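Inside the fold
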There are 2 protein chains.
Amino acid sequence: LDKDAIQQATQRQQQLTKPAGSLGRLEEIAIRLAGIQGTPIPKIQRRDVIVMAADHGVTREGVSAYPAEVTPQMVLNFLSGGAAINALARQAEAAVSIVDVGVATELHHPQLIERKIALGSANMVEGPALTSEQLFKAIQVGFDVLDEIAHQGSDLVAIGEMGIGNTTAASAISATLLQQPVEALTGYGTGINEQQRQHKIQVLQRAVQQNQPDPHDPLDVLAKVGGLEIAALTGVVIAAAAHRIPVLIDGFISSSAALIACALQPRITDYLFAGHASVEPGHRLILAQLGLTPLLSLDMRLGEGTGAVLAMHILEAALRTHREMATFADAGVSERTENT
Amino acid sequence: LDKDAIQQATQRQQQLTKPAGSLGRLEEIAIRLAGIQGTPIPKIQRRDVIVMAADHGVTREGVSAYPAEVTPQMVLNFLSGGAAINALARQAEAAVSIVDVGVATELHHPQLIERKIALGSANMVEGPALTSEQLFKAIQVGFDVLDEIAHQGSDLVAIGEMGIGNTTAASAISATLLQQPVEALTGYGTGINEQQRQHKIQVLQRAVQQNQPDPHDPLDVLAKVGGLEIAALTGVVIAAAAHRIPVLIDGFISSSAALIACALQPRITDYLFAGHASVEPGHRLILAQLGLTPLLSLDMRLGEGTGAVLAMHILEAALRTHREMATFADAGVSERTENT
């Protein structure tokens, strides 16, 4: 991050017509964005949300409340503008990119970014979810999609995902990297009951036992118990940091991709903002590990990038106040009484 | 609230293409707004923020980090568009109404709503802050300003305030109504230190001792230890509920006005949304009493209506998803697997 820009932005915050610190986290956001953009008065003009979609072989173990066919159905819903992410992206004036990186159905649509690597991942209970070749191809999809968006001048990227079964992958990844028991990071996903959650925990234990992912090798974890959309999002996060574009992460699954990226290169956290706190119990643990505090906490657990896009308004508020407010000198407002 | 509209909105939420409940508090907001507007698919077209400004005689006791002259200076800053509330209102496309209900300086400006009742309140340490006549005039200002905004078609009102010394009034009001010791509801205001906070607590204890406000008579409390802008905001809240217009309350001071309004008529809480959780310790206690959970928690403590206006984006997100999302049937998306 640009230390000069951070210092100048910090000074500006102290001169604006408000008690120092009274805008709380908005001030911190503006200052960090100054450091990311390398300018004392940063600005966000183009906003994007990237939704990576893929299927998961582990759904054959009955880990989700919804059938796997919902993945392609929801991709088509995204493309026709009928999902929550579409409504929230319209509100935030964010462009939506939908990427098929591994949906288990043939899908074609003029607005779909068609980068299918496989018809879903393999069942992690029986062996690695991804081959090494699939893993690197999926990360490359993330690089390519982010590069294209960066080329178009994006200033802020939110990440989201669609993939029935992907909270199972996120639990396996985060339990391994955080070296926690899987039950501590296993929630109710799209809405399973407690009995089904116990089954999901057993499936996860079998997957970890079968694959023995190495907690000190993030790419090994990603291949063995991850998924194609999570790998692609890992690529997006890495590439965004390389382009100095801030990333808003969403819930449990997109945060597991960020966890992998930051395990590979810890300085990437400088570019990350946590959009919201999901209801999934593992999410809180990932954010604590990354040192991120969520901007919103609205009991959401939808994914798609919804919590991340909703938080774009908070980032914009931070920049609006930072840029548009008058200083004490400009407005002729008295500063603090002495000795206080 | 309209029970039919609430029931229809609840049904609609269950048909939208997302796991039931996965939009968390956004779903609750959309459903309550349906009940307020009396329509299953509510809409917010015109947004307003009302900022009431007045001075406080108690500032002569040295309770604030800023001199009283900052009140008129900040009012002029609001009118020239240079304050935080202006930047946030532009972002939220909310109209700003600035009302002088008792600033201790002559103020004239074409955009200022000039309804000055007195040159500030009296010093509550020496006797009642307001006479009965001043109290009712101030509440009437709130009625009048809200009636005018309602007449112009407002669908959502945020309330804010400006008045050096007004956290002292808010502490006295809320400590009395919640029957708590003043120290539990006394914070650092615009930025006093701990020694000054102890002095502020002593001033508050003297004011309560001197006036003996009756905790069972909200208007007695408002007159004796309140202030002109807090009384005017109480009027705004009462009138908004009467017009079935939802109100976003802001921080500690505007919440103390809402506390008075709800003590007079408990059903008013149906129309209230808590924009954010202020750093002021008394704010949390007021919201708990009102049964409101703040939408945002960003460590802000500025007032002016900033936290309330920032939360407008959350209400809009609730309505956008509720209105614009496809249903499972429309989008051809499968619902849950059975037995889950």
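How each quantity is defined
- Residues numbered from 1 in each chain as written.
- Chains lettered and ligands numbered in written order.
- Predicted model: local features only at pLDDT ≥ 70, side-chain atom pairs only at ≥ 80, totals over all residues.
- Heavy atoms only, no water.
- Least-squares fit on C-alpha atoms with pLDDT ≥ 70 in both.
- Contact = heavy atoms within 4.5 Å.
- Pairing = 2+ DSSP bridges.
- Helix = DSSP H or I, 4+ residues; strand = E, 2+ residues; numbered from the N terminus.
- Axes fitted to C-alpha atoms, helices over the stretch in contact; angles between N-to-C directions.
- Buried < 20%, exposed > 50% of the residue type's maximum accessible area, 1.4 Å probe, protein only.
- Salt bridge = Lys/Arg side-chain N within 4 Å of Asp/Glu carboxyl O.

In this section: the relation of the copies chain B and chain A. Rotating chain B by 180° about the axis while translating it 0.0 Å along that axis superimposes it on chain A, leaving an RMSD of 0.0 Å. Both copies of the chain, as the preceding transformation shows, are related through a two-fold rotation axis. Most of the interface of chain B is mirrored in chain A, where 98% of its interface residues again form contacts.

Right, let's talk about the sheet that holds strand E1 (residues 47-54) of chain B for a bit. Residues and elements named next belong to chain B. The strand order across the open sheet built from six strands is E3-E2-E1-E4-E5-E6, with neighbouring strands paired in parallel fashion. Edge positions in the open sheet fall to strand E3 (112-114) and strand E6 (272-274), since each of these has one partner strand only. Ignoring strand direction, the axes of neighbouring strands in this sheet form an average angle of 30°. Where E1 lies against strand E4 (residues 156-162), seven bridges are found, and the strand directions are parallel.

The subject of this paragraph is the pairing of strand E2 (residues 94-102) of chain A. Residue and element names in this part refer to chain A. Most of E2 sits inside the fold, with seven of its nine residues counted as buried. In terms of strand pairing, strand E1 (residues 47-54) meets E2 through eight bridges, oriented parallel. Within E2, the residue paired with Ile50 across the bridge is Ser97. Direction of pairing for E2 relative to strand E3 (residues 112-114): parallel, over a ladder of three bridges. Across the sheet, Val99 pairs through a bridge with Ile113, a residue of E3.

What follows concerns the pattern of salt bridges. Working definition: two side chains of opposite charge can pair if their charged atoms are close together. All chains considered together, the criterion is met by 28 salt bridges over all chains. The partner of Lys224 of chain B in a salt bridge is Asp220 of chain B, and the shortest N-O contact between them spans 3.2 Å. One end of the pair is Lys224 of chain B and the other is Asp220 of chain B, both in helix H8 (residues 218-225) and four residues apart, which spans about a single turn. Each of Arg47, Glu93, Glu316, Arg320, Arg323 and Glu324 of chain A together with Arg90 of chain B takes part in one network of salt bridges that share partners.

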